[in-house]
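# Topology and contacts: notes
So the chains spell out like this:
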Amino acid sequence: MNRKLGDISFYGIVLILSLATLAILIVIIAYVMRQGLPHISWEFLSQSPEHMGREGGILPIIVGTVFVTLLALAIATPIGVGAAVFFAEYSKEGRVVQVIRTFTEVLAGIPSIIFGLFGFAFFVVFMQMGWSILSGGLSLSLMILPTIIRSTEESLKTVPLSYREGSLSLGATKWETTVKVVLPCCRKGILTGLILGIGRAVGETAVLYLTIGGSIRIPTSLFDPARTMSMHMYMMTAEGISREKSFATAALLIVIILIVNSIANFISNRMKGAQ
Amino acid sequence: MRQNRFVEKSIEKLLFVAAAIATISVALITIFVFRSGLPAMSGYGFANFLFGADWSPGNGEYGILALTAGTLAVTFLALLIGIPTGVCCAVFLAEILPKRAAAVFKFAIELLAGIPSVVYGFFGLIVIVPIISEHVLPLWQRVNPDAQTTGLSILAGGFILAVMILPTIVSISENAISSVPQDYREASLAVGANKRETIVRVLIPAAKSGILASIILGMGRAIGETMAVMVLTGNVAMLPKGILDPVATLTGTIAMEMSYAGPTHQEALFGVGIVLFVIILILNLAAQAIARKMGAVGRE
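Predicted, not measured: the structure shown is a model, and the values here were computed from it.

On to the overall build of chain A. Along the backbone of chain A there are 12 helices and 2 strands. Ordered by position in the sequence, the α and β elements of chain A form the string α-α-β-β-α-α-α-α-α-α-α-α-α-α. Expressed along its principal axes, the backbone C-alpha trace of chain A runs to roughly 70 × 65 × 35 Å. Looking at chain A as a whole, 55% of its 275 residues qualify as buried. Separation between the mean location of the 21 positive side-chain charges and that of the 15 negative ones in chain A comes to 6 Å.

Before going further, it helps to examine the overall build of chain B. Per the secondary structure count, chain B includes 12 helices and 2 strands. Start at the N end of chain B and walk to the C end: the helices and strands fall as α-α-β-β-α-α-α-α-α-α-α-α-α-α. Its C-alpha atoms put chain B at 75 × 65 × 30 Å along the principal axes. In chain B, buried positions account for 53% of the 300 residues. Partitioning the intrachain contacts of chain B with sequence separation of at least 6 by distance along the chain shows that 71% fall at a separation of at least 24. Carbon and sulfur atoms make up 66% of the accessible area of chain B, which amounts to about 13,200 Å² in all.

Right, let's talk about the interface of chain B and chain A for a bit. Taken residue by residue, the interface counts 83 residues in chain B and 78 residues in chain A. Together chain B and chain A conceal approximately 7,100 Å² of surface at their shared face, both sides included; 78% is due to carbon and sulfur atoms. For Glu197(B), the salt bridge goes to Arg3(A), with nearest N and O atoms at 2.8 Å. The interface formed by chain B and chain A holds 8 residue pairs in polar contact (both at pLDDT 80 or more) in total.

So, on to the pattern of salt bridges. Under the counting rule described, the total for this entry stands at 7 salt bridges over all chains. In this structure, Glu89(A) engages Arg164(A) in a salt bridge whose closest nitrogen and oxygen atoms are separated by 2.7 Å. Separated by 75 residues along the polypeptide, Glu89(A) in helix H3 (residues 59-90) and Arg164(A) in helix H7 (residues 161-169) bring together distant segments of the chain. Its relative accessible area of 13% is what places Arg164(A) among the buried residues. Here Glu174(B) and Lys106(B) are joined by a salt bridge, their closest N and O atoms 3.5 Å apart.

Our next topic: the environment of Arg164(A). Residues and elements named next belong to chain A. Each C-alpha atom of the pair Arg-164 and Val-181 lies 7.2 Å from the other, and the pair is 17 residues apart in sequence. Beyond its immediate chain neighbours, meaning those up to four positions away, Arg-164 contacts Glu-89, Leu-156, Val-159, Thr-177 and Val-182. Within polar-contact distance, the side chain of Arg-164 engages the backbone oxygen of Leu-156 at 3.1 Å.

We now examine the packing of H3(A) against helix H6 (residues 133-157) of chain A. Residue and element names in this part refer to chain A. For the pair H3 and H6, the least separation of the axes is 6 Å and the interaxial angle reads 35 degrees. Both H3 and H6 take part in a crossing whose hand is right-handed. Tallied by class, the residues present in the contact of H3 with H6 amount to 23 nonpolar, 6 polar and 2 charged.

All right, on to a nonpolar patch on the surface then. On the surface, Val66(A), Phe67(A) and Leu70(A) cluster together into a nonpolar patch covering about 260 Å² of accessible area. Relative to the helices and strands, Phe67(A) resides in helix H3.

Once that is clear, we can look at the side chain of Ser151(A). Residues and elements named next belong to chain A. Topologically, Ser-151 is positioned in helix H6. Residue Ser-151 is classed as buried on the basis of its relative accessible area, which comes to 16%. When near neighbours in sequence (up to four residues on either side) are disregarded, Ser-151 contacts Gly-189 and Gly-193.

It is worth spelling out helix H6 (residues 154-178) of chain B at this point. Note that an α-helix has 3.6 residues per turn; residues three or four places apart therefore point the same way. All names here are of chain B. Between its first and last C-alpha, H6 extends 34 Å over 25 residues, near the 36 Å set by a 1.5 Å rise per residue. Ile-165 marks where H6 bends most, by close to 40 degrees; the proline Pro-167 follows one to four residues later. Most of H6 sits inside the fold, with 21 of its 25 residues counted as buried.

Within the largest apolar cluster, 177 residues are counted, with the highest numbers of intra-cluster contacts made by Ile29(B) and Tyr120(B). The dominant element in this core, judged by the number of residues it contributes, is H6(B), at 15 residues. When residues no more than four places from it in sequence are discounted, the contact partners of Tyr120(B) are Ile28(A), Leu112(B), Ile115(B), Ile160(B), Val163(B), Met164(B) and Ala228(B).

Chain-level statistics for chain B give a pLDDT mean of 92 and a share of 97% at 70 or above. For residues 296-300 of chain B, every residue scores under 50 in pLDDT, and the model assigns this stretch 16 contacts once sequence neighbours within four places are set aside.

Rules and cut-offs
- Residues numbered from 1 in each chain as written.
- Chains lettered and ligands numbered in written order.
- Predicted model: local features only at pLDDT ≥ 70, side-chain atom pairs only at ≥ 80, totals over all residues.
- Heavy atoms only, no water.
- Helix = DSSP H or I, 4+ residues; strand = E, 2+ residues; numbered from the N terminus.
- Buried < 20%, exposed > 50% of the residue type's maximum accessible area, 1.4 Å probe, protein only.
- Lys, Arg positive; Asp, Glu negative; His and termini not counted.
- Charge placed at Lys NZ, Arg CZ, Asp CG, Glu CD.
- Contact = heavy atoms within 4.5 Å.
- Areas by Shrake-Rupley, 256 points an atom, 1.4 Å probe, with all protein chains shown as cover.
- Buried area = accessible area lost by both parts, 1.4 Å probe.
- Salt bridge = Lys/Arg side-chain N within 4 Å of Asp/Glu carboxyl O.
- Polar contact = N/O pair within 3.5 Å; in protein donor to acceptor, adjacent residues only side chain to side chain.
- Axes fitted to C-alpha atoms, helices over the stretch in contact; angles between N-to-C directions.
- Left-handed = near helix turned anticlockwise from the far one by under 90°.
- Nonpolar A, V, L, I, M, F, W, Y, C, P; charged D, E, K, R; others polar.
- Patch = residues over 30% accessible without salt bridge, like charges linked within 9 Å, V, L, I, M, F, W, Y side chains within 5 Å.
- Expected span 1.5 Å × (residues − 1).
- Bend = angle between axes of the 7 residues up to and from the residue.
- Core = buried A, V, L, I, M, F, W, Y, C linked by side-chain atoms within 4.5 Å.
- pLDDT = per-residue confidence, 0-100.

Structural data, given as structure tokens:
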């Protein structure tokens, strides 16, 4: 009898807390969508903001977001994939490798505001890049680097050893094997990492808040300051400029995150299916 | 052939450099944050800086105790809500839900992780803060008639933070519980324990280091989180007396004041960054050590 009571209360608590988690996700998404979607229109996407964002659209902000994200990816992808290849294919477990592995994990745990402080002290001031897309993109690339390394390495590990042995036995060098045999097998894993990196970059605020300036003009060069969507949202919320436009921007952000996560999920499911 | 070997060697070196960039970045971050922050800390006196309760940059006072207290208060509340909820979700995912449903639930948890921090802040501001000032406050006033709040409070920040750290706790704990060997389950069932007893007495204890690692990483996330906390806690740098009091956090203060800070004030904010950095570093290394013991490297 006692046992049954224990069962009921245990499963009850687990069920309630799990459903509460699901419920809060649904509430957040539904609420933001319901308040925001009606305000998303072609004008909102294609016009510049007027009166600090009270009127008009967010075109320059979309452009800024895309620029910064692409720049961060362009920097972090080759480095991240290279690092993952090193860890998975070349490194022998030794002291040095142990240390750089530990620090890579440390980098993953550093909060975004610290990246912001660093970006400000190093890129903006010390390297004299000013508040610009370049400073923001570089700071952001450091932040998404661990994500890319991790997902690439995970997928490199799933390539069967026999593929490498087959290629090596045909006389290919290690590098040829890596580039022509191993990496093509993990295109999807790498892609998943990139997509997750995009998701992180789009949602990120604190690091850019201190490095990218916040101009609402359309940026035309890497040295121009810019503003991203999440930053725009923060500034409009903090300064109480426009609730409608904040909601519209939030809804747009959620739509992007939904798409990004769905694609990543779809790819990784297919990867699992293929194995 | 010889040239080939040269190319191979150089490529290997190049890849090593790529792998080392993360480490170099950590070193650079450490150097630049410390270099920018230490002068203010030593100028004001390390003890005064760390344990002074008066943060009023306008008067040249840079004691961060109230900020640390604010961060700890919201983090503690977030963990108080987040740990039981997260572990229950992990159990639900790993042991109870059928595979297909678990995949859907997992996707939901990933989405929760993907929602930008500003959106959480905004949602909290528009939905949670009014609930606190209109519904929670009257209840609280029955206990403590003097209570006052605008809604911007430890409660608002801690609640939203709890939601934000859930994905970290759930995914790592779930991993730890799933990777408990099947033998354990079978042995426990064989000696007459039912499923619930197996989960509570065998699986959770066996996965405890993984669960602990998830909690530490979640704690790191809560301490480092900036935008949502900054929008929801009210940013009042005073020692809080109750859960409905507003607080300022380490992260929120940096982000908030950086844009208009004068030179000394800016250095002091970097000093706050140093404190934050050191706390996070310790937490992460601890989580890694625990995770390594368990045989799997910690992941988000």
